[in-house]
Amino acid sequence: IEAMLKNVQVVADDASSKDTVDFGATVQLMIQDDDEQRVVRIVGSAEVGVEEDGTVLISLDSPVGAAIAGKKAGEKAVMRMQGVKQNIDVISVQY
């Protein structure tokens, strides 16, 4: 924890970016090959996991997180994992 705290940076809360996927966002999405809607929340890499309500906690470093970073509701993203491309539809972004 001490090593992590040495690298902490304070990030300004920019109200203009509240419609794009970034740290702290709860995102409803659909990975097109699954045809199943999922809810994910963007967290730090030390916090990843699954909440009791089924919300998946991912970081921006994960394949899904990296693909949807900066996207808005209604936009599409492409996730590349193990040489395979998968399309993702971003349905909603909430903070």
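Read on for a plain summary of the structure.

Thoughts on the pattern of salt bridges
Turning to step 1, where the next piece is worked out: All chains considered together, the criterion is met by four salt bridges.
Turning to step 2, where the next piece is worked out: Taking the shortest distance from any N to any O, the salt bridge between Lys 72 and Asp 19 comes out at 3.6 Å. Here Asp 19 lies in the loop between helix H1 (2-6) and strand S1 (26-31) and Lys 72 lies in the loop between helix H2 (63-68) and strand S5 (76-81), a separation of 53 residues in the sequence.
Turning to step 3, where the next piece is worked out: Owing to a relative accessible area of 37%, Asp 19 belongs among the partly exposed residues under this scheme.
Turning to step 4, where the next piece is worked out: A salt bridge links Asp 34 to Arg 38, with the shortest nitrogen-to-oxygen separation between them at 2.4 Å.

Points about unusual backbone geometry
Turning to step 1, where the next piece is worked out: A positive phi angle, close to 55°, is found at Gln 82, a residue other than glycine.
Turning to step 2, where the next piece is worked out: Along the polypeptide, Gln 82 turns up in the loop between S5 and strand S6 (84-94).

What counts, and where the lines are drawn
Residues numbered from 1 in each chain as written. Predicted model: local features only at pLDDT ≥ 70, side-chain atom pairs only at ≥ 80, totals over all residues. Heavy atoms only, no water. Salt bridge = Lys/Arg side-chain N within 4 Å of Asp/Glu carboxyl O. Helix = DSSP H or I, 4+ residues; strand = E, 2+ residues; numbered from the N terminus. Buried < 20%, exposed > 50% of the residue type's maximum accessible area, 1.4 Å probe, protein only.

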